[in-house]
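Observations on the three-dimensional arrangement
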Amino acid sequence: MQAVVYHSDDIRAWERRWFAAQNSSLGLMQQAAWSIAQQLIELFKDRAIKNIAVWCGQGNNAGDGYFIASYLKQAGFHVEIFAAQLGDSTDLHCAAQFAREQKVEIHSNFNVKRTFDCHIDALFGIGLNRELNTNWQHVIQQFNEQSGLKISVDIPSGLQANTGRVLPCAVKANHTFTVLGLKAGLFTGLGKEYVGKIHLINLIPVDHELKPVAYLTSTNIKLPQRMAFGHKGSYGHVLVVGGHEQMGGAVIMAAEAAFHAGAGKVTVVCHRNHHQAILSRAPNIMLRDINALDEENIREISSQVDAVCFGMGLGRDDWAQQIYEQWFNLLNQSIHLETVLDADALWFLAKQPEKLGAHVYATPHPGEAATLLGSSTAQIENGRIAAIYALQHKYAGQWVLKGAGSLILENNLYICTEGNAGMGTGGMGDVLAGMIASLKAQFHKAIALHEIVTLHAQAGDELAKQGMRGLQAYQMNEAITQIVN
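About the cut-offs
- Residues numbered from 1 in each chain as written.
- Predicted model: local features only at pLDDT ≥ 70, side-chain atom pairs only at ≥ 80, totals over all residues.
- Heavy atoms only, no water.
- UniProt positions renumbered as here; feature names shortened; annotations may be inferred.
- Helix = DSSP H or I, 4+ residues; strand = E, 2+ residues; numbered from the N terminus.
- Buried < 20%, exposed > 50% of the residue type's maximum accessible area, 1.4 Å probe, protein only.
- Contact = heavy atoms within 4.5 Å.
- Salt bridge = Lys/Arg side-chain N within 4 Å of Asp/Glu carboxyl O.
- Pairing = 2+ DSSP bridges.
- Right-handed = clockwise from strand over helix to strand, strands pointing away.

The name an unreviewed UniProt entry assigns to the protein is ADP-dependent (S)-NAD(P)H-hydrate dehydratase, from the organism Acinetobacter lactucae. Quoted verbatim from the Subunit (unreviewed entry) field of UniProt, the annotation for the protein is "Homotetramer."

1. Some details on the environment of Gly 242
As for its position among the elements, Gly 242 is in the loop between strand S11 (237-241) and helix H7 (249-260). Since its relative accessible area comes to 0%, Gly 242 is described here as buried. Considered as a pair, Gly 242 and Met 312 are 70 residues apart in the sequence and their alpha carbons are 5.1 Å apart. Beyond its immediate stretch of four places on either side in the chain, Gly 242 contacts Val 251, Val 269, Cys 270, His 271, Ile 290, Met 312, Gly 313 and Leu 314.

2. Quick word on the pattern of salt bridges
This model, assessed by the stated rule, comprises 14 salt bridges. Glu 209 is paired through a salt bridge with Arg 17; the nearest N and O atoms lie 3.8 Å apart. Separated by 192 residues along the polypeptide, Glu 209 in the loop between strand S9 (197-201) and strand S10 (214-216) and Arg 17 in helix H1 (residues 8-20) bring together distant segments of the chain. For Asp 154, the salt bridge goes to Lys 183, with nearest N and O atoms at 2.7 Å. In this pair, Asp 154 sits in the loop between strand S6 (149-153) and strand S7 (175-179) while Lys 183 sits in strand S8 (residues 182-183), placing the two residues 29 residues apart along the sequence.

3. Side note on the pairing of strand S5 (residues 118-122)
Among the 5 residues in S5, 5 count as buried, and that is most of the element. Here strand S2 (residues 51-56) pairs with S5 via 5 bridges, running parallel. Within S5, the position partnered with Ala 53 by the bridge is His 119. Here S5 pairs with S6 via 4 bridges, running parallel. Directly across from Ile 120, in S6, lies its bridge partner Ile 151. Regarding the hand of the β-α-β motif, the stretch spanning S5, helix H5 (residues 134-145) and S6 is right-handed.

4. Side note on unusual backbone geometry
A cis amide bond links Leu 167 to the next residue, Pro 168, at an omega of -10°. Tracing the backbone through its elements, the reader meets Pro 168 in the loop between S6 and S7. Within the chain, Lys 103 stands out as a residue other than glycine whose phi angle is a positive 65°. In this fold, Lys 103 is placed in the loop between helix H4 (90-101) and strand S4 (105-107). Residue Lys 103 is classed as exposed on the basis of its relative accessible area, which comes to 67%. Although it is not a glycine, Ala 343 adopts a positive phi angle of roughly 55°. With respect to the element layout, Ala 343 can be found in the loop between strand S15 (338-341) and helix H11 (344-351).

Below you can see the structure in the form of structure tokens.
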């Protein structure tokens, strides 16, 4: 079953409905803190952790911190609280009073003068939507400068819960114990850099009014075993179209990825300058000269294949525009063809907007998404979920917004939790386009777009086992074969 991700506003509305049913807000705070404290005690068993600093802000997230400090003190740890002035919440004042009764030392500042084995962040919760002032930025920077294990309660302070935006700095946690439900900002945008390992604290039953904003992609994807009587015609024919006179590498990577993901046949249509290089690397790839094809040839080739990826290394000059216009309408109208639009095809789509068919999968990175929406890359990254919905609203089709915590919008919105920073290198998008075309050619509706994105990310993780720095997209092939098997 796929994990569910919620919007912070919906989680707070869920809480209010729980309290309206005569359930105690203070009791829920105590329950959350108790559950986190018990998991921390287990976590600390394998570590030499005795001295703990809890950093508390002014809201209910701080109340969790006071109770956690108290429960850890009761368990025998040395605990000190560093705190801001208490806010108006009655529950917060009760939590602070309980900590005093447990003889927890409370400092009314963040002047940490001694070394602690662990620091717990209870400064801000999921309601933070504003840029932090310089004083709070300084506190968070102080927190990050401390040695020892770093724990965040609910969400790392300074991280926006729904977008993963940093406001403008955030706690870098080793572990985040998030309460009630998962929030999108933990998994996409800059969130992955700050959250560490995520632990969900389930406390109250989900009611019928609580609706998910997204789902986390499943990491356990099993493709069907091949039948003994299968042949190359049984496993899909992929067409790769692109390859400007001066840019041949992208189509090679997409085509090789398609084969390594299991396609039975792959044909590349590109400038003939690249044919010799392609054959020297992969003599099993079939080739056609992109300049030698008229409309009738294109229709004939398209009728013989199951999936197409279009746009890799196409270029953006007059020749490229002519090729785009020659191919796009046919691909968009051929509902039997699973079609991937990537790279320069997306650039031309932005210049000549069209509604895409449901069989078309568009795979922009944030910069390409900004071009498609007429915005900036920063705006895309600061609101990735809003951006992918805007893309589908404007262009229809199905979408992948690549990046840390890639988003996939098909029937529902999915967030990919796999992948690593080593995949931030030229050509990885071409590899993904080839994989999508390959697996859709083989399985069509029997495999979801979000599952293919996850397999691509898992191949990247396999490749990165010896280290992330210096990974090259063309090295993905053996990892892809391993993952799809």
